[in-house]
Amino acid sequence: MKPSKAKELAGQIWRALRQPLAAAVFGLLVGAVVILACGQNPVTVYIEMFNKSFFTPYYLFSTLTRATPIIICAMATGMAWRAGYINIGVEGQMVTGTFAATVAALYIPGPPIFVGLVSWIAGMAAGALYALLPAVLNWKFQVSMVITTLMLNYVANNIASYFVTYPLKDTSGDGLALQTAEIAEGLRLTRLSSTSTFNAGFLIAAAVVLLMIFITKKTVFGYESKMGGFNSSFARYGGTKQVKVMMITMALSGAIASLAGTAEVFGLKFRYADGMLSSTNYAWTGLMAALIADLDPAGMFFVSIFLSGLQIGGSAIQRSLGIPLEIATIIQCCITLFVSVKLVFRFTRGKARREEAKGGAQA
Amino acid sequence: MKKILALSLALVLALSLAACGGKDSSQPSGGDAQPSGGSDSQQGADSLPGEGMRIALVCDKIGVNPFLTEMVRALDETAAEYGFTQVVVECADNAAYEDNIRALVAEGCDLIIGGGWAAGDPLDKVSREFPEACSYALIDSEIDNELVKCISYREQEGAFLIGKLAAYTVDGESHVYGGVHCNEGPGSWKYRYGYMEGVKSIDPEATFVFNYTNSYSDPAKAKELAIQQFEQGCKFINGAAAAGDSGVYEAAMEKGFYTSGQDVDETSADNPYIVSSQLKDTYQTVKNLVDEFFGGSWTPDNTAWGVSEGTIGAVNVTHDSPNPRSDRLTDEEIADIQAVVEQMKSGALDMTDVPAEEDYSF
């Protein structure tokens, strides 16, 4: 029985991976055309790019460091999307949560362990509340969650921007930089490497992935939310309390989102700087990873690392070969594009099948 | 069917990208050919001081932002002169700064120049960790770190000159003055403060409208904002929106108000409404830095440069322009502003200290 089971598992992994892999190969091929147009040898460029993102320890650590917030954002996105709530406000929830955590870390007195704990919890609470806002609007007034979550991103960014520009601005130096003061040494996450900035934030990201797998596979809530995502009428018929599921899902999504930015501040930047979470596009890269991996937690974990590696490698080829940074962006976008081609095919195939089933009764 | 569709999609995409790539290709390969070309042509004199050294400029996306293209031009020229390899690293976001600066140190760079305030915090962190590995410089911002040479500017001096020019150009036809800036931060405050002081020194009744594009490269938004300010009665709108200024010029052409540019001489024979440009000579700044680095006089001490040092100025006042001067400005008016320049140089007019925005009454 065992070999057949192993074979089945291998088949399962292959089916899960073949689409992203094919998309990656196509993306790299298109990238090769662009590199050729720049007058460089794609093979050399790709070797340099992957050497300086995955196959040298120093750069691998950079990749993992950059992947940390992306992984967590992907999880936050996946948490909501798999339940059918199109939360594209992960960025806003991350900014709100992170800002709350940073302020708590800066202004609450006490021993580091206590302050640290309080600030992380404050961050998660703020992120969760901010995510509940669109959920409540949707529940009470049927406002489209896509629009509210998206728009609340700007609200969060601009509010945080106001605070770091005026009341909470760090005035050391010439005071030109829009950022808060640095958090105390005792609150910072431990570095796991002596040469790079790789820090314990990555372990937090890994823990979030495990938590996500646990919730989706082993809990009643995970099942209920997934049912809601598949078919909300069925879920309602089956007796799930949809409002409750929606509230918990969105709150969890927001709380997870806040961890992404908090890990970045406590592990890497040690302060909140204006635009640090929006200009980096962590939330959107996370969303991309979630889509590519089809919302599978383990898949999102690896795809996030891969996308982060593309960004790190993209900077590396710019430094050593003078290739413009946009090349890496083009490859990344092509991969997403090819994955979305898959989505469209699925959609059309599903539609065809449905129409077949209907037998053309309704034109 | 499915396969053919996928294949044709890929093909179309590849071809269209190749077409776009063709346009780009001249730039990166041109920039790339420079280091090797530079050392080839210098083969005769083989002992250049910078042989085998690497100097990096780390900055925002360059595009057509003259503040940054001038830095790159200076770096390219000095690279040919001293024989070092120049590395230009554009950072798409805030986190990329630290990644890139760290990696540059690990890859053995000799001097890292941060081109803008966003490089400040990452330079601070990395330089403290690797104080011996590399020399560090930061342009246009100042941080509390004795390892990083910070060069800041007294932009308020140039803005003061532009303010005076603005008031003379308008000649009392309106008392509302506009300005389109990038961000409402303390960086822009230095410009706004100098501009307002300059205008008010001639037109005490003046009131001001300022708007912000929240981007360094948004001509469309800058144009919209300029038109709105014109509708509010502005006869002069100061362009300080980096690469967005071209939108302000366009609006000036359409609506017939006067304007001024930023960083390099933006006056043009085709657009008589651009009366001046507030200069911030980043070309000279980078050149001075590199000269100092190879001249043996390098110290990480901070400096601030203004009108007296020639890095800050205004077109038609401190610097001549190949384009004709607007007929709204008379020789006497220019002479009056030039007298102010002399006062700045002699120290009679000291604009080093800028009051905090909160304490300033409009």
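Just so it is clear, the model here is predicted, and its values are computed rather than measured.

Some details on the overall build of chain B
Check the secondary structure of chain B and you find ten helices and twelve strands. In chain B, buried positions account for 55% of the 362 residues. Across chain B, contacts joining residues at least 24 apart in sequence account for 68% of those joining residues at least 6 apart. Counting every atom, chain B has about 14,800 Å² of accessible surface; 51% of that belongs to carbon and sulfur.

Considering the overall build of chain A
Across its full length, chain A holds 13 helices and zero strands. Ordered by position in the sequence, the α and β elements of chain A form the string α-α-α-α-α-α-α-α-α-α-α-α-α. Out of the 363 residues in chain A, the part that is buried amounts to 53%. Long-range contacts, defined here as pairs at least 24 residues apart, represent 74% of the contacts in chain A between residues at least 6 apart.

A word on the pattern of salt bridges
Evaluation of the coordinates by the stated rule reveals 29 salt bridges over all chains. Salt-bridge contacts for B:Glu309 lead to B:Arg154; the nearest nitrogen and oxygen are separated by 3.3 Å. With B:Glu309 in the loop between strand 11 (303-305) and strand 12 (312-314) and B:Arg154 in the loop between strand 5 (148-153) and helix 5 (155-170), this pair connects stretches of sequence that are 155 residues apart. Notably, a salt bridge pairs B:Glu231 with B:Lys255, separated by 3.9 Å at the nearest N-O pair. Here B:Lys255 lies in helix 8 (residues 245-255) and B:Glu231 lies in helix 7 (residues 219-231), a separation of 24 residues in the sequence. Among the charged side chains, a salt-bridge network with shared partners connects A:Glu48, A:Lys52, A:Arg319, B:Arg54 and B:Glu107.

Notes on the confidence of the model for chain A
On average, residues of chain A score 88 in pLDDT, and 92% of them are at 70 or above. Per-residue pLDDT, averaged within each element of chain A, yields its smallest value for helix 13 (residues 326-358) of chain A (69) and its largest for helix 4 (residues 90-107) of chain A (97).

Some points on the packing of helix 4 of chain A against helix 10 (residues 242-269) of chain A
Residue and element names in this part refer to chain A. Between helix 4 and helix 10, whose axes approach to 7 Å, the crossing angle comes to 55°. Taken as axis vectors, helix 4 and helix 10 run oblique relative to one another. For the crossing formed where helix 4 meets helix 10, the hand is right-handed. Note on element contacts: helix 10 touches helix 4 through Ser253, Gly254, Ala257, Ser258, Ala260, Gly261, Thr262, Val265 and Phe266, opposite Val90, Gln93, Met94, Gly97, Thr98, Ala101, Thr102 and Ala105. For the contact of helix 4 with helix 10, the class distribution of residues is eight nonpolar, nine polar and no charged.

Here's the deal with the sheet that holds strand 12 of chain B
All names here are of chain B. Judged by pairing direction, the sheet is mixed, and its six strands sit side by side in the order 7-6-8-9-10-12 without closing on themselves. This sheet does not close on itself; its edge strands, each paired only once, are strand 7 (207-212) and strand 12. The mean inter-strand angle of the sheet, taken between neighbouring strand axes irrespective of direction, is 15°. As judged from the three bridges shared by strand 10 (residues 274-280) and strand 12, these two strands associate in the antiparallel manner. Each residue of the ladder has a partner; that of glutamine 278, found in strand 12, is alanine 314.

With respect to the nonpolar core
Across soluble globular proteins, you tend to see nonpolar side chains buried next to one another. Counting residues in each nonpolar core, the largest one holds 86 residues, and the members touching the most others are A:Ile71 and A:Phe266. Here this core gets ten residues from one element, more than from any other, and that element is helix 3 (residues 57-81) of chain A. Setting aside anything within four residues of it in sequence, one finds A:Phe266 in contact with A:Ala101, A:Ala105, A:Ser119, A:Trp120, A:Ile183, A:Leu187, A:Arg188 and A:Leu189. Core analysis: the second largest hydrophobic core is formed by 61 residues, B:Ile113, B:Ala137, B:Ala167 and B:Val290 among them.

Points about the packing of aromatic side chains
Residues and elements named next belong to chain A. In total, this model carries 28 aromatic pairs over all chains according to the counting rule given. Summarising the aromatic geometry, the rings of phenylalanine 99 and phenylalanine 163 are spaced 5.7 Å apart at their centres and angled 35° between planes, so their arrangement reads as tilted. One end of the pair, phenylalanine 99, is in helix 4; the other, phenylalanine 163, is in helix 6 (residues 145-165), with 64 residues separating them in the sequence. For phenylalanine 99, a relative accessible area of 11% translates into the label buried. Centroid distance tryptophan 120 to phenylalanine 266: 5.4 Å. Interplanar angle 55°. Geometry classified as tilted.

What to know about helix 10 of chain A
Residue and element names in this part refer to chain A. For helix 10, built from 28 residues, the straight-helix expectation of 40 Å at 1.5 Å per residue is met to within 8% by its first-to-last C-alpha distance of 39 Å. The buried fraction of helix 10 is high, at 23 of 28 residues. Positive phi appears at phenylalanine 270, one or two residues downstream of helix 10, with a value of about 65°.

Concerning unusual backbone geometry
Residues and elements named next belong to chain A. Of note in this structure, asparagine 281 is not a glycine but carries a positive phi near 60°. When you line up the elements, asparagine 281 lands in the loop between helix 10 and helix 11 (282-292). Despite not being glycine, aspartate 294 shows a phi value in the positive range, around 60°. Secondary-structure assignment places aspartate 294 in the loop between helix 11 and helix 12 (297-321).

Observations regarding the sheet that holds strand 11 of chain B
Residue and element names in this part refer to chain B. Reading across from one edge, 2-1-3-4-5-11 is the order of the six strands in this open sheet, with parallel pairing throughout. In this open sheet, the two strands that pair with only one neighbour each are strand 2 (85-91) and strand 11. Within this sheet the neighbouring strands show an average axis-to-axis angle of 20°, counted without direction. Bridging between strand 4 (residues 135-139) and strand 5 involves four bridges; their strand directions are parallel. Counted as the bridge partner of leucine 138 is cysteine 150 from strand 5.

Reading guide: rules and limits
Residues numbered from 1 in each chain as written. Chains lettered and ligands numbered in written order. Predicted model: local features only at pLDDT ≥ 70, side-chain atom pairs only at ≥ 80, totals over all residues. Heavy atoms only, no water. Helix = DSSP H or I, 4+ residues; strand = E, 2+ residues; numbered from the N terminus. Buried < 20%, exposed > 50% of the residue type's maximum accessible area, 1.4 Å probe, protein only. Contact = heavy atoms within 4.5 Å. Areas by Shrake-Rupley, 256 points an atom, 1.4 Å probe, with all protein chains shown as cover. Salt bridge = Lys/Arg side-chain N within 4 Å of Asp/Glu carboxyl O. pLDDT = per-residue confidence, 0-100. Axes fitted to C-alpha atoms, helices over the stretch in contact; angles between N-to-C directions. Parallel < 35°, antiparallel > 145°, perpendicular 65-115°, else oblique. Left-handed = near helix turned anticlockwise from the far one by under 90°. Nonpolar A, V, L, I, M, F, W, Y, C, P; charged D, E, K, R; others polar. Pairing = 2+ DSSP bridges. Core = buried A, V, L, I, M, F, W, Y, C linked by side-chain atoms within 4.5 Å. Phe/Tyr/Trp six-rings, centres within 6.5 Å; stacked < 30°, edge-to-face > 60°. Expected span 1.5 Å × (residues − 1).

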